[in-house]
Amino acid sequence: MNKRALIFKYLFFDLMSAALTWWFFFRYRKKFLEPRKFGYDIEVFYDDNFYLGLMIIPFAWIILYAMAGHYTKIYKKHRLKELGQTLVSCLFGSLIIFFVLILDDQIATYKDYYTAFLIVFLIQFGTTFFFRFLLTSNTVKKVHRGEIGFNTLIIGGGKAAAGIVDEINALSKSPGYRFKGFIPYNGEDVRMNSTGLEALGVYQDISKVVVAERIEEVIVAVESTDHKALGDIISRLEEHPVSIKILPDMYDILSGSVKMTSIFGAPLIEVNREIMPAWQRSLKRIMDICVSILCLLLLAPLYIGLMIAVKLSSPGPIFFKQERLGFHGRPFNIIKFRTMYIDAEKEGPQLSSENDSRITNLGKWLRKTRLDEFPQFYNVLKGDMSLVGPRPERQFFIDQILEIAPHYRHLHKVRPGITSWGQVKYGYAENVDEMVQRLKYDVIYIENMSLAVDFKILGYTVLTVLKGTGK
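What counts, and where the lines are drawn
Residues numbered from 1 in each chain as written. Predicted model: local features only at pLDDT ≥ 70, side-chain atom pairs only at ≥ 80, totals over all residues. Heavy atoms only, no water. Patch = residues over 30% accessible without salt bridge, like charges linked within 9 Å, V, L, I, M, F, W, Y side chains within 5 Å. Areas by Shrake-Rupley, 256 points an atom, 1.4 Å probe, with all protein chains shown as cover. Salt bridge = Lys/Arg side-chain N within 4 Å of Asp/Glu carboxyl O. Helix = DSSP H or I, 4+ residues; strand = E, 2+ residues; numbered from the N terminus. Phe/Tyr/Trp six-rings, centres within 6.5 Å; stacked < 30°, edge-to-face > 60°. Buried < 20%, exposed > 50% of the residue type's maximum accessible area, 1.4 Å probe, protein only. Lys NZ or Arg CZ within 6 Å of the ring centre and 35° of its normal. Lys, Arg positive; Asp, Glu negative; His and termini not counted. Polar contact = N/O pair within 3.5 Å; in protein donor to acceptor, adjacent residues only side chain to side chain. Contact = heavy atoms within 4.5 Å. Core = buried A, V, L, I, M, F, W, Y, C linked by side-chain atoms within 4.5 Å.

Participant: Quick question: what am I supposed to make of a nonpolar patch on the surface here?
Facilitator: Together, Leu-91, Phe-92, Leu-95, Ile-96, Phe-99 and Val-100 give the surface a local cluster of nonpolar side chains, amounting to about 560 Å² of exposed area. One can find Val-100 in helix α3 (residues 79-102).

Participant: Which parts of the structure should I look at to understand the packing of aromatic side chains?
Facilitator: Pairs of aromatic rings are described using the distance from one ring centre to the other and the angle between the two planes. With the rule as written, the count across this model stands at 22 aromatic pairs. Ring centres of Phe-121 and Phe-125 lie 6.0 Å apart, and the angle between their planes is 15°; on these two criteria the pair is classed as stacked. Note that Phe-121 and Phe-125 are positioned in helix α4 (residues 111-144) at a spacing of four residues, about one turn of the helix. Judged by relative accessible area, Phe-125 falls into the buried class, the value being 16%. The side chain of Lys-77 reaches across the aromatic face of Tyr-10, ending 5.3 Å from its centre. A cation sits over an aromatic face here: Arg-415 above Phe-327, 5.8 Å from the ring centre.

Participant: Before we go on, may I ask you to explain unusual backbone geometry in this structure?
Facilitator: Peptide bonds are trans in most cases, and residues, glycine excluded, mostly fall at negative phi. A positive phi angle, near 50°, is found at Lys-73, a position not held by glycine. Considering the arrangement of structural elements, one finds Lys-73 in the loop between α2 (48-67) and α3. One non-glycine residue with positive phi stands out, namely Arg-214, at about 50°. Position of Arg-214 among the secondary structure elements: in the loop between α6 (206-212) and β3 (217-220). Residue classification places Arg-214 among the exposed positions, given a relative accessible area of 68%.

Participant: Which parts of the structure should I look at to understand the side chain of Arg-338?
Facilitator: In this fold, Arg-338 is placed in the loop between β7 (331-337) and α11 (361-369). The side chain of Arg-338 is buried and forms no salt bridge, while Asp-343, the nearest opposite charge, is found at 10 Å. Of note is the side chain of Arg-338, whose polar atom sits 3.5 Å from the backbone oxygen of Pro-315. Within polar-contact distance, the side chain of Arg-338 engages the backbone oxygen of Pro-317 at 2.5 Å. Setting aside residues no more than four positions away along its own chain, Arg-338 makes contact with Val-310, Ser-314, Pro-315, Gly-316, Pro-317, Ile-318, Phe-319, Phe-320 and Leu-366.

Participant: Help me understand the nonpolar core, please; the structure alone is not making it clear to me.
Facilitator: Buried together is how nonpolar side chains tend to be arranged in soluble globular proteins. Leu-366, Phe-377, Leu-387, Ile-401 and Tyr-408 are the most contacted members of the largest nonpolar core, which totals 39 residues. At seven residues, helix α15 (residues 432-447) tops the list of elements feeding residues into this core. In this structure Tyr-408 touches Arg-391, Glu-393, Ile-398, Ile-401, Leu-402 and Leu-439, once residues within four positions along its chain are discounted. Counting residues in each nonpolar core, the second largest holds 33 residues, with Leu-15, Trp-61, Tyr-71 and Ile-97 among its members.

Participant: Looking at this model, I keep getting lost on the environment of Ile-335. Mind explaining?
Facilitator: Mapped onto the secondary structure, Ile-335 falls in strand β7. For Ile-335, a relative accessible area of 12% corresponds to the buried category. For Ile-335 and Gln-322, which are 13 residues apart along the polypeptide, the C-alpha to C-alpha distance reads 7.0 Å. Once residues lying within four places of it in the same chain are set aside, the contact partners of Ile-335 are Phe-319, Phe-320, Lys-321, Pro-375, Gln-376, Tyr-378 and Asn-379.

Structure (C-alpha cells):
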C-alpha cells in the first residue's frame, strides 16, 4: 500500500465518521431534545439544514485534522499517539460545534446542553478512533513484518555503529529501518565488515548520499559527548527532510535524554525537528496566504505608484529577480523592486553598503522603508517564502558563511521570510562577517518559533516601514 492510498483511507473513514456523527446528532435533536422542550413528539425528516450540515461539517473536521497534522508521517503512527491526537482534536472540534450549532438550540434544561455536547464528542471520538485504530494497527504490523520500511543511513563505522546495526537486525519485530549503507566518521570502518553494509562514501559526501539513496532515517553512531562531531553532522543534514537519531551512552539514558517510543525498538535519542506544533505551522501558512492576498489587492495603488517611480528613477527593469536558497536548500527566484543601477554586479556578487554608489536615490529610500521587499508577497503566496523567517541568501555568500559558521544550514529548516528578527535587529548586512553576526538572531528565532513571536516581529517591521529607520 502506498502513502497516498493510506492517506485516502484515513480521509475516507474520517469523513464517514463525521457524517455518521452528524446524522446521529440530528436524529437525537429531533427525537429527544425538541420533544422535551415543546412537550410533543417531533417528526424526524431530513430538511435542508441536515443536508447542508452533511456537506459542510465532515469537511470541516478534515480541515481540523489536517491542521493538527493527522495526515503527516502516515507510516510512523502508533496507537497510543493516535489515541491522544484523536482525543484532543475531537474535544476541540466538538467545542466548536457546541458554540456554533448547539448553544442556539431551544432546550428544556441546561443539562440538555451538556448531554448534547457529550453525544457529539463521544460519537465523533468513538467512530473516528475505531477506524483509525484499525488502520494504524495494520500499518504497525506491516512495519514490524518488514513490509514497510524507511531507507536508513548509519554515520560512524566503529564498534558502536556495528553494534546498533546488529541489535536492530536481531529484533523480533522490525522497527522499520532498511539499511542502505554507512559513512565512516573518523575513517574507522573495519568493524562494519561483519554487518555486510557497504561504505557509501566519505564524510563530506553525506548530502550527496542522502539524496542518491533517498534516505529517510539517519542513525548517528558517534559518541554523544562529541558535541563538535554531532553539531557538524546535524548541520550537514539540516537541509534534508530526514529523521535523525543519535546512539546514546549510559549518561544520556540516566539523564532522561532517551525517550521510549517503541517497546520493540532500539534505544535512540531522536533529534526533534518539529520546530512548531502542527496546528501552529498550519495557521502560520494560512496567515501567510491571507496576508499576502490582502496586501497584493489592497496595496495595488502603492505597487503601481512604486512601479512608475522605479521606472522613472533610472534605466532598467522595474523588478529585480535573483536566485536564493530557501526551504531545505531549494533554489527559488526572489522578487524585489529594483534599487540599483543596471549592471551593478558586473564585477561579480557584492553586498551593498550604506553609501553604495550602485544604489539609486529612490533605492535608498525604498531600502530604508523596506518597500523594496513588498513584491515578495508573491513569493509568499507561491510557498517559496513566509512572512517571517530568516532572510534567504545566495549560494555564493552561503559558501563563505559556512566556512565560518557551519550551523548556517540550520536556517534551511524553515521557509525564509520577508522579514526576520535578524533583519529587524541588524538590518541589511554589508559583509560576510555581519551576515554571521545577524545569523545568531535568526538561529534564536528558529529555536523559539511561535505565532506570538511572528506577530512581534511583524509589529516591529511595520514600525520600521512607517518610520523609515531601516538600515
